[in-house]
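# Results of the structural survey
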Amino acid sequence: MADKEKRTIVVTGGSRGIGRAICLAFAGPGTSIFFNYFPEDPEAPVTEKLVAETGGSAKSLCANVTSEEDMSGFFDKVMEETGRIDVLVNNAGITRDGLLVRMKEKDWDDVLNINLKGSFNCIKIASRIMMKQRSGSIINISSVVGVSGNPGQANYVASKAGLIGLTKTAAKELASRGITVNAVAPGFIESDMTAQLSEKVRENMVAQVPLGRAGTPEDVAGVVSFLASEAGSYLTGQVIHVSGGMYI
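A brief report on the enclosed structure follows.

Two strands pair when backbone bridges link them, and strand β2 (residues 32–37) and strand β3 (residues 57–62) are joined in this way by 6 bridges, in the parallel orientation. Counted as the bridge partner of serine 32 is serine 57 from β3. The handedness of the β2 to β3 crossover, carried by helix α2 (residues 44–52), is right-handed.

Structure representation (structure tokens):
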């Protein structure tokens, strides 16, 4: 594993929410952070500024994770600047909720393409770089519902369950090259997505959490940072639930 102070970190969907918290968890002097966003997001420069305030550097690029061409260009820019990729966090994701029998095909395709295919694209590109280095850490942001299921989210659940399977397979394929692959499965986390829920729905969600509160983006980011650290270097193929006990 590269020196913590000189690592290159890539975070998809890093402009806000959990993605921003992950960028900040890795930020520090000498650390180079690159993140993408799509579509255009005015919050991206804010994340860059917050990282810079820690003494680190962050650069962002509008790139679509569903496009292998877009992401190849993104990773090319990272390699041009730093020559390596130490950590990849696949965080980009969307929801398009609805009952299965009424779900539009486009809503199914959009969620699977961004949440699952996007992660596949990034793992495929980054793992080739990491294999040459014979080191690296890949962390995929799944969800507690990818294990438990959730009515009204067939597309989202399928994408997050698929991401767990992708994590386990990639872990087995890449372990011999010194690359770890793990998943983090957040529960009910304060975010832009959950902020759109009604107060009643939010109260019902919190009532299902044994710890009695919603999680924060920082709760998730702390676990991601650990998995990419020397202390987490003997963990691979694991799914770490950050859910306050929603799933045990």
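Right, let's get into the nonpolar core. Of all hydrophobic cores here, the largest spans 26 residues; its most connected members are Ile22, Phe26, Val89, Ile139 and Val224. Elements represented by at least two residues in this core include exactly β1 (8–12), α1 (17–26), β2, α2, β4 (87–90), β5 (136–141) and α9 (217–227). Sort the elements by how many residues they give to this core and α1 lands first, with 5 residues. Filtering out sequence-adjacent residues up to four positions away, valine 89 remains in contact with Val10, Val11, Thr12, Ile22, Phe26, Ile139, Ile141 and Val224.

Our next topic: the pairing of β1. Counting buried residues along β1, 5 of its 5 residues qualify, which places the element largely inside the surrounding structure. On β1, burial covers both faces: Thr8, Val10 and Thr12 on one face and Ile9 and Val11 on the other are all buried. In terms of strand pairing, β1 meets β4 through 3 bridges, oriented parallel. Within the sheet, the bridge partner assigned to valine 11 lies in β4 and is valine 89.

One can find isoleucine 179 in strand β6 (residues 179–186). Taking the C-alpha atoms as reference, isoleucine 179 lies 32 Å from alanine 214; in sequence the two are 35 residues apart. Once you skip the residues sitting within four places of it in the chain, isoleucine 179 turns out to touch Ser127, Met130, Met131, Ser135, Gly136, Ile138, Leu174 and Thr236.

Structurally, alanine 185 can be placed in strand β6. Taking the C-alpha atoms as reference points, alanine 185 and serine 233, separated by 48 residues in sequence, lie 19 Å from one another. Excluding residues within four positions of it along the chain, alanine 185 makes contact with Ser142, Ser143, Val144, Val239, Ile240, His241 and Val242.

Moving on: the side chain of arginine 7. With respect to the element layout, arginine 7 can be found in the segment before β1. In this structure arginine 7 is buried but unpaired, with aspartate 86 as the nearest side chain of opposite charge at 6.0 Å. Here the side chain of arginine 7 touches alanine 228 through a polar contact of 2.7 Å, landing on its backbone oxygen.

Turning our attention to unusual backbone geometry. Cis peptide bonds are those with omega within 30 degrees of zero, and the linkage from phenylalanine 38 to proline 39 qualifies with 0°. The residue arginine 134 is not glycine, and still its phi comes out positive at about 60°. Topologically, arginine 134 is positioned in the loop between α4 (105–133) and β5.

Attention now moves to a nonpolar patch on the surface. On the surface, Leu99, Leu100 and Val101 cluster together to form a nonpolar patch covering roughly 350 Å² of accessible area. On the secondary structure map, valine 101 appears in the loop between β4 and α4.

This brings us to the packing of α1 against α2. With their axes 9 Å apart at the nearest point, α1 and α2 run at an angle of 20° to one another. Our classification of the angle between α1 and α2 gives roughly parallel. Once α1 is placed against α2, the crossing between them reads as right-handed. Each of Arg20, Cys23 and Leu24 in α1 lies in contact with α2, whose residues at this interface are Val46, Thr47, Leu50 and Val51.

About the thresholds
- Residues numbered from 1 in each chain as written.
- Predicted model: local features only at pLDDT ≥ 70, side-chain atom pairs only at ≥ 80, totals over all residues.
- Heavy atoms only, no water.
- Pairing = 2+ DSSP bridges.
- Helix = DSSP H or I, 4+ residues; strand = E, 2+ residues; numbered from the N terminus.
- Right-handed = clockwise from strand over helix to strand, strands pointing away.
- Core = buried A, V, L, I, M, F, W, Y, C linked by side-chain atoms within 4.5 Å.
- Buried < 20%, exposed > 50% of the residue type's maximum accessible area, 1.4 Å probe, protein only.
- Contact = heavy atoms within 4.5 Å.
- Lys, Arg positive; Asp, Glu negative; His and termini not counted.
- Salt bridge = Lys/Arg side-chain N within 4 Å of Asp/Glu carboxyl O.
- Polar contact = N/O pair within 3.5 Å; in protein donor to acceptor, adjacent residues only side chain to side chain.
- Patch = residues over 30% accessible without salt bridge, like charges linked within 9 Å, V, L, I, M, F, W, Y side chains within 5 Å.
- Areas by Shrake-Rupley, 256 points an atom, 1.4 Å probe, with all protein chains shown as cover.
- Axes fitted to C-alpha atoms, helices over the stretch in contact; angles between N-to-C directions.
- Parallel < 35°, antiparallel > 145°, perpendicular 65-115°, else oblique.
- Left-handed = near helix turned anticlockwise from the far one by under 90°.

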